[in-house]
Amino acid sequence: VPPATDLVLGATAGCLACFLTNPLEVVKTRLQLQGELQPPGTYPRPYRGVLRAALAVCRADGLRGLQKGLAAGLLYQGLMNGVRFYCYSHAEDAGWTGYPGGTVAAGAVAGAVGAVVGSPTYLVKTHLQAQTLSAMAVGHQHNHESISGAFKSIYQQHGVVGLWRGVTGAVPRVAVGSAVQLATFASAKDWVCERQWFRQGSWAAVLAGGMVSGVAVAVTMTPFDVISTRLYNQPVNADGTGKLYRGFLDCILQISSKEGLLGLYKGIGAVYLRLGPHTVLSLFFWDKLRNM
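Since this is a predicted model, take the numbers as computed values, not measurements.

Once that is clear, we can look at the pattern of salt bridges. Inspection of every chain in the model, using the stated rule, returns 11 salt bridges. For Lys28, the salt bridge is made with Asp225, and the minimal N-O distance between the two is 2.8 Å. In this pair, Lys28 sits in helix 1 (residues 3-33) while Asp225 sits in helix 7 (residues 203-233), placing the two residues 197 residues apart along the sequence. The pair Lys28 / Asp225 is uniform in exposure class, with both members buried. Of the charged contacts, one joins Asp225 and Arg173 as a salt bridge, the two residues approaching to 2.4 Å between their closest N and O atoms. With Asp225 in helix 7 and Arg173 in helix 6 (residues 167-194), this residue pair connects regions lying 52 residues apart in the sequence. Each of the two residues, Asp225 as well as Arg173, counts as buried. A single salt-bridge network, built from bridges that share partners, covers Glu25, Lys28, Lys125, Arg173 and Asp225.

Positionally, Leu261 belongs in the loop between helix 8 (248-259) and helix 9 (268-291). On the accessibility criterion, Leu261 (63% relative accessible area) is exposed. Leu261 sits 38 residues away from Pro223 along the chain, and the two C-alpha atoms are 9.4 Å apart.

Relative to the helices and strands, Asn81 is located in helix 3 (residues 70-93). A residue is classified by how much of its surface remains accessible, and Asn81, at 1% relative accessible area, is buried. In the structure, Asn81 is positioned 62 residues away from Phe19 in sequence and 14 Å away in space, judged by C-alpha atoms. Excluding anything up to four places from it in sequence, Asn81 contacts Gly10, Ala11, Gly14 and Tyr76. Of note is the side chain of Asn81, whose polar atom sits 2.7 Å from the side chain of Arg84.

What counts and what doesn't
- Residues numbered from 1 in each chain as written.
- Predicted model: local features only at pLDDT ≥ 70, side-chain atom pairs only at ≥ 80, totals over all residues.
- Heavy atoms only, no water.
- Salt bridge = Lys/Arg side-chain N within 4 Å of Asp/Glu carboxyl O.
- Helix = DSSP H or I, 4+ residues; strand = E, 2+ residues; numbered from the N terminus.
- Buried < 20%, exposed > 50% of the residue type's maximum accessible area, 1.4 Å probe, protein only.
- Contact = heavy atoms within 4.5 Å.
- Polar contact = N/O pair within 3.5 Å; in protein donor to acceptor, adjacent residues only side chain to side chain.

Here it is as structure tokens:
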């Protein structure tokens, strides 16, 4: 498949998966912001577990609350996955994925480029998904009226640079996730076919590869996901610097020291339940669209 075609197919696959998994993204964001920089057991917990958190979102924001930030999420998935699969397809054409470790390296680089391109939309998505009633609020509340209003407000206050605030957390997050996802998906799919559990090219082989990939991505990506959410959502000073975290490393140190190491794994249940289906769906759609 030509790289230009993969750009369109990757964007389409990401958007289709996003539409189905966005409710879990909303729940994940709330869980990761809950108890920010506070020792365990010292703060109220309006969100407890994935299912109860989803019900809490519905009570506060209605059923539509589970699709908060959907437009920004679709825009992010389209940009990030389009660029990511485009770059990965170029690496395949150049034969780089045939070298030892080539698949992992190509996935990481492709993910990093996609993260940089899609960073402004992820910033807005995080802001919108964190917004709720004051009684249920966790993390800083930016109080944007809409996706267009969010972009306009951020640009007016902090310029173009402000739209890429938090990108230092997004690049390692997507690079690690992309490397693990693309590498494990390809290997797992080939492995189940070699053992003749499923026929080569069948939907079952694609889903099996995606399920294995989803587990690996959730385990490796959760700490980076928590850091990324915190960096994107934190309040900022007039000059655009964060009020809570100075950057990626400072965020790791502060979470570890104040919330414990398990603070880096907040919302892991929601991360797995979201990343698992999202990985399966996005790779399934991508693989099937390529075959078509």
